Amino acid sequence: MSPRTRGGYTSSAPRRRPIGSERRRRVQLREVEPAADRDPVEHPQHDRDETEEVFEGAPGGPIDRCILRSFHKHVAVKIWLEEDRASLKLVNHGAKLQLWELDVERSCISETVQRSGLALLISCNHRVASRPMLSAFCERWQPETTTFHLPFDEMTITLDDVASILHIPITGSMISFSQPLRVDDVNALLVELLGTTDVEASRETEQCRSPSVRLLWLRENFSTITNVSSDDDIEFATRAFLLYLVGCTLFADKSATSVGVVYLELFRDLSMVGSYAWGVACLAFMYRQLTTATRFEVRQLGGYLTLLQAWIYEHFPEMFSSPHLSYIESRPRARRWRPHVIPDSLQSVRERLDRLQSSDVCWEPYVDHRAEHPFPDIEWFSGCIKCGLVVEPYHSERVLRQFGYIQTIPPRPFAPPRPDRSMLLDQYWERWTDHVLTDQSRGQRCQYSGLGESVAEYMAWYDRISHCTVQPPQLRSGFTTDARSSLPSHTASTSDSRNARALSLLRHVISSGRQQSDDYFWGALNEAHSILAGSDETSASHSTPSPAPASHSTPSPATRPFFSPPTFVYPPPTSVDPPPASDDPPPASDDPPPLIVPPPPVTVAPPAPAVDPSAPASDSNASTTVYVRSKRKKKT
């Protein structure tokens, strides 16, 4: 038999029947008839994804798919279909930075780090990150626009946010890599720039199983270098610390233990470290991590979480933040906030974001910070930013409110170029002044400072192309008539159906968090009790409730807002001792009878036995046998 070629056997080889994969490939390559010529009865269409068809009928989704083209793969679709995802696991190295301190004995290393422009990352790193808060914001990230889609507008992390929160440079050279590193290239870099042996480099890369090194390995091998060491050792230790620093902060990946050796090439010339646009690379890397986290199967979030968390604190101060009273404006804004873990659940944070309004946002949080950090002109840049081979679009025209301007309908987002053509972005970035928004594109400033405004037709357009609400109505914890009517109806009068409804209701109460009032929980328990007792709406045919007085009437479901606190009527006590009989008639009054609330149970001690003064004195132990519990028969 003739040898096989790339396309199969040669022409001299005997013919064989094509396998199934080849037949399917041939069918895909055939010319498809136009959709208009097809008969919908004889040739049903199966072009669209099944998830996309299901989603088109779901409320809250984009009606016009011209912007969010890949939304059928978004985690929000699964949430609408009641396939919930738990809070993401966060990759935060805030505590690891404290394990490698640059004290006086290592001043030779700290001086170089200060000149690099990255020294402030050591002090502004948050050691604690809130999983429900960050996970809820990840669910609102849209990869096409690289923005968070909130109920009222789009918002994103801008270059001005990076510069104000972290105080790292956002101008300079792009961080570029020509191609991914191979294993041999990784070992060569470790030997050349860190001074390790070839055996040690090979052992470390084999343990990581990737072109990276462990953060622990860097700390153990180079943290002992001091000022008395040789110049070569100090240079090696400086590169190792800078690699350790960016691996714990700007480029923290989902491995949670290692950092890519490709960033070591940036520290080859230590005098040129401060010439890179570190803030731009950090923002592009953060965009990519948020984009990856929008897929349902992803369970982890990487990137510099201090940047994301501080951005939320800045723009939503009344919802999540806890500021430091001793903060001064000369420091990075990340040090203004006291990081903490909010006690709310993921579902609670989703609903808080669904109820969010434009007036709840701090659109211009850095007004007091402008004396130390003026507004950069590069903020108006509109194009692509990158971090090595990671290229992401940056749309400043979609978040004009964050710059104090009236938001207009933006143009369609542009797709970034392929990674193999990302080197062309270096020339594009060098002429960034030619790619900023013009005065006409910026529009007009807001009439009232700090109040986000938009044109009249913007919200109608935004509701059509966006997914404004993440939590589906049937899973919300607001127990009004609207919420109960959206629950699955169980018309059967059996005990199983009543138990299912009561359990479904109590499940929402438990997942609503601790922010609800006592009346809310009491009313929900009253509703569950009514369902279990068979006196809810399903058993209305068995018992007809009496009409409520006009003074205690509740608004109809059509007029009452969905998230208004529910109005509940406390149930009367089931068993109350009747009042003592009296011959006097009750006083006449037009007021409704007051609600009788049973008094709390009071524990009454047994009365002491009567003591006869004429009786002879007896032993005290003998008298207690009457009141002590005993299995034996009590003495009379």
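Residues numbered from 1 in each chain as written. Predicted model: local features only at pLDDT ≥ 70, side-chain atom pairs only at ≥ 80, totals over all residues. Heavy atoms only, no water.

With that out of the way, let us pick up the environment of Leu-190. Position of Leu-190 relative to the elements: it lies in helix H7 (residues 183–194). Taking the C-alpha atoms as reference points, Leu-190 and Val-213, separated by 23 residues in sequence, lie 9.4 Å from one another. Beyond its immediate stretch of four places on either side in the chain, Leu-190 contacts Gly-195, Thr-196, Ala-201, Thr-205, Val-213, Val-261 and Leu-264. (Helix = DSSP H or I, 4+ residues; strand = E, 2+ residues; numbered from the N terminus. Contact = heavy atoms within 4.5 Å.)

The next subject is the nonpolar core. Note that soluble globular proteins tend to have their nonpolar side chains buried in a common cluster. In terms of nonpolar packing, the biggest core is built from 106 residues, with Leu-166, Leu-218, Leu-250, Phe-251, Trp-278, Phe-316 and Phe-320 touching the most fellow members. The contacts of Phe-320, once residues within four sequence positions are left out, are Met-133, Phe-137, Ile-312, Tyr-313, His-340, Ile-342, Val-349, Arg-352 and Leu-353. The next biggest cluster of nonpolar side chains, apart from the first, holds 11 residues, and it includes Cys-66, Phe-71, Tyr-458 and Tyr-462. (Core = buried A, V, L, I, M, F, W, Y, C linked by side-chain atoms within 4.5 Å. Buried < 20%, exposed > 50% of the residue type's maximum accessible area, 1.4 Å probe, protein only.)

This part covers the confidence of the model for the protein chain. The predicted structure's coordinates, where accompanied by low pLDDT, should not be read in detail. Mean pLDDT for the protein chain: 76, with 66% of residues reaching 70 or above. Per-residue pLDDT stays below 50 along residues 23–59; that stretch engages in 21 contacts with residues further than four places along the chain or on separate chains. Note on residues 613–631: pLDDT under 50 across the span, and four contacts to partners over four residues away in sequence or across chains. (pLDDT = per-residue confidence, 0-100.)

What follows is about the packing of aromatic side chains. Scanning the entire structure with this criterion turns up 26 aromatic pairs. Arranged with centres 5.3 Å apart and planes meeting at 90°, the rings of Trp-380 and Tyr-405 form a pair that is edge-to-face. Pair noted here: Trp-380 is in the loop between helix H14 (346–354) and strand E10 (383–387) and Tyr-405 is in the loop between strand E11 (390–394) and helix H15 (424–430), with a separation of 25 residues, a long-range link. Judged by relative accessible area, which is 14%, Tyr-405 ranks as buried. (Phe/Tyr/Trp six-rings, centres within 6.5 Å; stacked < 30°, edge-to-face > 60°.)

Here we come to the sheet that holds strand E5 (residues 147–149). Spatially, the three strands line up as an open sheet ordered E4-E5-E6, and their pairing is antiparallel. In this open sheet, the two strands that pair with only one neighbour each are strand E4 (141–142) and strand E6 (154–155). Inspection of the sheet shows E4 paired to E5 by two bridges, in the antiparallel sense. When the bridges of E5 are listed, Gln-142 appears paired with Thr-147. (Pairing = 2+ DSSP bridges.)

All right, on to the layout of surface pockets then. When its volume is computed, the second largest pocket comes out at roughly 470 Å³. Residue lining of the second largest pocket: 23 residues in total, with Asp-253, Gly-260, Val-262, Tyr-263 and Phe-285 positioned closest to the centre. Elements with a contribution of two residues or more to the lining of the second largest pocket: strand E8 (258–260) and helix H11 (278–293). (1 Å grid on protein atoms, 1.4 Å probe; cavity = no way out; pocket = protein on both sides within 12 Å on 5 of 7 lines; lining within 4 Å. Points joined across faces, edges and corners; volume = space filled by probe spheres on them.)

The next subject is the packing of helix H5 (residues 131–138) against H14. One way to put it is that H5 packs onto H14 with a least axis distance of 9 Å and a crossing angle of 50°. What the angle tells us is that H5 and H14 run oblique. The handedness of the crossing between H5 and H14 comes out as right-handed. Contact with H5, carried on its side by Pro-132, Met-133, Ser-135, Ala-136 and Phe-137, involves Leu-346, Val-349, Arg-350 and Leu-353 of H14 and no other residues of that element. (Axes fitted to C-alpha atoms, helices over the stretch in contact; angles between N-to-C directions. Parallel < 35°, antiparallel > 145°, perpendicular 65-115°, else oblique. Left-handed = near helix turned anticlockwise from the far one by under 90°.)

The next subject is H5. Counting buried positions along H5 gives seven out of eight residues, so the element sits mostly inside the fold. Every buried residue of H5 is accounted for by Pro-132, Met-133, Leu-134, Ser-135, Ala-136, Phe-137 and Cys-138.

Now for unusual backbone geometry. Unusually for a residue other than glycine, Arg-209 sits at a positive phi of about 60°. Mapping Arg-209 onto the fold places it in the loop between helix H8 (198–208) and strand E7 (212–214). For Arg-209, a relative accessible area of 78% corresponds to the exposed category. Phi is positive for Ala-256, close to 70°, though the residue is something other than glycine. Relative to the assigned elements, Ala-256 resides in the loop between helix H10 (231–248) and E8. Taking the relative accessible area as the measure of exposure, Ala-256 reaches 24% and is therefore partly exposed.

This part takes up H10. Side chains that are three or four residues apart share a direction in an α-helix, a result of its 3.6 residues per turn. With 18 residues, H10 ought to run about 26 Å at 1.5 Å a step, and its terminal C-alpha atoms sit 26 Å apart, in line with that. Taking burial as the measure, the 18 residues of H10 include 14 buried ones, the bulk of the element. (Expected span 1.5 Å × (residues − 1).)

Okay, the pattern of salt bridges next. Enumeration according to the criterion identifies 22 salt bridges in this entry. A salt bridge links Glu-83 to Lys-78; the nearest nitrogen and oxygen atoms lie 3.8 Å apart. Between Glu-235 and Arg-239 there is a salt bridge, with its nearest N and O atoms 2.5 Å apart. Within this pair, Glu-235 and its partner Arg-239 are both found in helix H10, separated by four residues, close to a single helical turn. Beyond isolated ion pairs, a larger network of salt bridges with shared partners links Glu-314, Glu-329, Arg-333 and Arg-336. (Salt bridge = Lys/Arg side-chain N within 4 Å of Asp/Glu carboxyl O.)

Turning next to the packing of helix H6 (residues 159–166) against H11. As a packed pair, H6 and H11 sit with axes 10 Å apart at the nearest point and diverge in direction by 115°. Accordingly, the angle class assigned to the pair H6 and H11 is roughly perpendicular. The two elements H6 and H11 cross, and the hand of that crossing is right-handed. Counting all contacts with H6, which are made through Leu-159, Val-162 and Leu-166, the residues of H11 involved are Gly-279, Val-280, Cys-282 and Leu-283.

Topologically, Thr-306 is positioned in helix H12 (residues 305–315). Given a relative accessible area of 1%, Thr-306 falls into the buried group. At a separation of 3.0 Å, a polar atom in the side chain of Thr-306 contacts the main-chain amide nitrogen of His-126. Apart from residues lying up to four places away in sequence, Thr-306 is in contact with Cys-124, Asn-125, His-126 and Ala-334. (Polar contact = N/O pair within 3.5 Å; in protein donor to acceptor, adjacent residues only side chain to side chain.)

Attention now moves to the environment of Val-391. Note that Val-391 resides in strand E11. Since its relative accessible area comes to 4%, Val-391 is described here as buried. Along the sequence, Val-391 and Ala-281 sit 110 residues apart, while their C-alpha atoms lie 9.4 Å from each other.

Attention now moves to the pairing of E11. Burial analysis of E11 places five of its five residues in the buried class, which makes it a mostly covered element. Of the two faces of E11, the one holding Val-390, Glu-392 and Tyr-394 and the one holding Val-391 and Pro-393 are both buried throughout. Alignment of E10 against E11, held across five bridges, turns out to be antiparallel. Bridge pairing in E11 places Cys-384 opposite Pro-393.

By the element assignment, Arg-335 lies in the loop between helix H13 (317–320) and H14. Exposure remark for Arg-335: the relative accessible area of 32% places this residue in the partly exposed category. Dropping the residues within four chain positions of it, Arg-335 is found in contact with Ser-123, Cys-124, His-324 and Tyr-327.

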